[in-house]
Amino acid sequence: MKNVILSCLVIFFSCFTTLTAQKRPKNVIFLIGDGMGIAQIYTGMVANGNKLNIERCTYSGFSKTYSANKFTTDSGAGGTALACGVKTNNGMVGMSADSLPVQSILELSNHNKLSTGIVVACAVTHATPASFIAHQVNRDMSDEIAADYLKTNIDVFIGGGRKYFENRVDGRNLTNELKAKNYQVAYNLADVMAIETGKLAGLLYDDQNPGMPERGSMLPDATVAAIGILSTNKKGFFLMVEGSQIDWAGHDRNALQLVKEMLDFDKTVGCALDFAKKDGNTLVIITSDHETGGLVLLDGKFGSDSLKTVFLSKEHTGVPVPVFTYGPGADNFSGFMENTSFKSKLEKLLKLKK
Ligand SMILES: [Zn+2]
């Protein structure tokens with residue numbers, strides 16, 4: 001009898017362990033550091049005294065970044081791979097290589113009644129956010145990309161790019177159209193942070209957001225505000241956040257600016273991880289679309305920004321980028337993976353129906 005009870009207990013506990021190991025996320029926060037390779041992360045970590053919030057992640061891997069037509073991707077094809085699960089040609093957003101629109105993970109989440117959001121440190125029409133919401137053959141079609149926001153039911157989007165909504169070649173005023181669709185439109189961070197529920201379009205700058213330190217705490221604060229609004233949906237949410245200007249510092253070969261942008265992004269990562277830890281049902285993914293600048297860190301001093309760095313390029317490079325994950329489902333993102341694999345993994349984890 002004792003043995004029977006013991007066996008039952010063993011079976012119960014092994015089932016329990018299997019169930020907890022397979023726990024699915026309800027919410028996903030997908031953070032993209034544009035142009036962020038492992039050297040960019042470590043440069044930020046060294047300058048920050050040998051610590052970053054990214055280290056709180058429990059799993060890590062590598063994402064292969066090549067596009068459909070180039071070994072070295074741009075942010076359009078890179079973002080489209082992450083968002084839509086297809087390799088496309090450089091310059092395209094939300095389109096397959098044969099110029100057909102492809103549904104993004106954000107749009108699919110929305111279709112499944114999850115709340116959705118985008119928070120970026122650049123214009124909301126820029127290549128990475130555009131890959132999640134728009135379908136255009138050229139990433140520079142900013143007016144068309146802005147108009148694509150109106151075709152969706154995205155709940156929250158915050159960044160720059162006001163002029164593409166209000167000062168357009170076709171004369172449309174998309175802000176008025178957003179208001180007619182029940183969006184609250186905010187032009188500054190204080191107004192964004194005062195909104196706790198409903199739909200929100202935060203158009204904080206006329207064109208691109210300024211860099212750090214001029215941007216202040218826009219990215220982490222707007223991310224916290226977006227999480228607050230999106231988490232009111234009991235069905236869950238999908239939020240994409242981009243540290244957009246790590247890439248720009250790489251193009252400029254500016255290591256000091258890179259550290260500032262890297263630490264701003266990591267602070268934002270910390271906000272996402274704090275929410276995920278408290279919530280228990282949120283998967284946090286941190287990755288990049290490509291590396292920028294071919295950064296090499298030759299020497300450094302912990303806690304100091306006196307770094308010996310070399311940028312081998314002014315452009316993007318073709319090396320894989322790191323992936324870090326935390327929360328339920330995090331174990332699905334370890335080892336080497338294609339940048340096109342995120343969408344299908346998230347579809348399964350969130351049980352999204354087409
Ligand atoms: Zn770039």
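Asker: Summarise the packing of aromatic side chains; cite the residues concerned and give the values.
Answerer: Given two aromatic rings, one states the distance between the centres and the angle between the planes to describe the pair. Within this structure, the stated rule accounts for 11 aromatic pairs. A ring pair is formed by F30 and F342, whose centres lie 5.6 Å apart and whose planes are at 75 degrees; its orientation type is edge-to-face. Here F30 is found in strand β1 (residues 27–33), whereas its partner F342 is found in helix α13 (residues 341–349), with 312 residues between them in sequence. The interplanar angle of 20 degrees and the centroid separation of 5.7 Å between the aromatic rings of F333 and F342 together place this pair among those described as stacked.

Asker: An account of the coordination of the zinc ion is needed here, citing residue identities and associated values.
Answerer: In this structure, D247 (OD), D247 (OD), H251 (NE2) and H316 (NE2) serve as the protein donors to the zinc ion, at separations of 2.1 to 2.3 Å. If you look at the zinc ion, its 4 donor atoms make angles of 57 to 150 degrees with each other, and the shape they trace is irregular. The sequence motif formed by the donor residues of the zinc ion is D-x3-H-x64-H. With a gap of 65 residues between them, H251 in helix α11 (residues 246–251) and H316 in strand β12 (residues 316–317) connect regions that are remote in the sequence. Residue class for H316 comes out buried when judged on its relative accessible area of 15%.

Asker: Mind laying out the pattern of salt bridges, listing which residues take part and the relevant values?
Answerer: Going through the model one piece at a time under the given rule, you end up with 13 salt bridges. Residues R56 and D274 are paired through a salt bridge, measuring 2.7 Å at the closest nitrogen-oxygen approach. Taken together, the residues R56 in the loop between α2 (38–47) and β2 (59–64) and D274 in helix α12 (residues 255–279) connect sequence positions 218 residues apart. Residue R56 is classed as partly exposed on the basis of its relative accessible area of 31%. The partly exposed category is assigned to D274, whose relative accessible area is 45%. Here D170 makes a salt bridge to R168, at a shortest N to O gap of 2.9 Å. Take D170: its relative accessible area is 43%, and that puts it in the partly exposed class. R168 sits in the buried class, given a relative accessible area of 9%. It is possible to trace a salt-bridge network through shared partners that takes in K64, K87 and E338.

Asker: Which residues make up a nonpolar patch on the surface, and what values do they have?
Answerer: Taken together, the side chains of V296, L298, V310 and L312 present a nonpolar region at the surface, about 340 Å² in accessible area. The topology assignment puts L298 in strand β10 (residues 295–299). For L298, a relative accessible area of 51% translates into the label exposed.

Asker: How would you explain the packing of helix α10 (residues 218–230) against α12 if you had to name every residue and give the values?
Answerer: As a packed pair, α10 and α12 sit with axes 8 Å apart at the nearest point and diverge in direction by 25 degrees. Taken together, the axes of α10 and α12 lie roughly parallel to each other. In terms of crossing hand, the pair formed by α10 and α12 is right-handed. Side by side, α10 and α12 meet where L219, P220, T223, V224 and I227 of the first sit next to D264, F265, K267, T268, C271, A272 and F275 of the second. The class makeup of the residues in the contact of α10 with α12 is 8 nonpolar, 2 polar and 2 charged.

Scoring rules and cut-offs
The numbering scheme is per chain: residues are counted from 1 as the chain's sequence reads. Local features in this predicted model are restricted to residues of pLDDT 70 or higher, and side-chain atom pairs are both shown and tallied only at a pLDDT of 80 or more, whereas totals for entire chains, interfaces and linings draw on every residue. Calculated side-chain values reflect all of the structure's heavy atoms, with hydrogen atoms and water omitted. Under the pairing criterion, centres of Phe, Tyr and Trp rings, with the six-membered ring standing for Trp, must be within 6.5 Å; the plane angle then separates stacked pairs below 30 degrees from edge-to-face pairs above 60, leaving the rest tilted. Helix numbers and strand numbers start at the N terminus; a helix is a DSSP run of H or I with at least 4 residues, a strand a run of E with at least 2. With water excluded from the atoms, a metal site may look incomplete; its donors are any N, O or S atoms within 2.8 Å, or within 3.2 Å for Na, K and Ca. Site shape is set this way: if four donors have all angles between 85 and 135 degrees, tetrahedral; if opposite donors are over 155 degrees apart and all others between 65 and 115, square planar for four donors and octahedral for six; otherwise irregular. Throughout this description, buried means an accessible area under 20% of the type-specific maximum (1.4 Å probe, protein chains only), exposed means over 50%, and partly exposed covers the range between. Take a side-chain nitrogen of Lys or Arg and a carboxyl oxygen of Asp or Glu: if they are within 4 Å of each other, that pair is a salt bridge. Surface patches are defined over residues having more than 30% relative accessible area and no salt bridge, joining like charges when they lie within 9 Å and nonpolar side chains (Val, Leu, Ile, Met, Phe, Trp, Tyr) when within 5 Å. For accessible areas, the Shrake-Rupley method is used with a probe of radius 1.4 Å. Any residue's cover is judged against the shown protein chains and nothing else. All axes here are fitted lines through C-alpha atoms, helices being fitted over the stretch that makes contact, and every angle between N-to-C directions spans 0 to 180 degrees. Note on terminology: angles under 35 degrees are roughly parallel, angles over 145 are roughly antiparallel, angles of 65 to 115 are roughly perpendicular, and the others are oblique. What makes a crossing left-handed is the near helix being turned counterclockwise from the far one by less than a right angle; a clockwise turn instead makes it right-handed. Any two residues whose heavy atoms approach within 4.5 Å are treated as being in contact. Side-chain classes follow a simple rule in which Ala, Val, Leu, Ile, Met, Phe, Trp, Tyr, Cys and Pro form the nonpolar group, Asp, Glu, Lys and Arg form the charged group, and the remainder, Gly included, forms the polar group.

The values reported here are purely geometric and, on their own, carry no functional implication.
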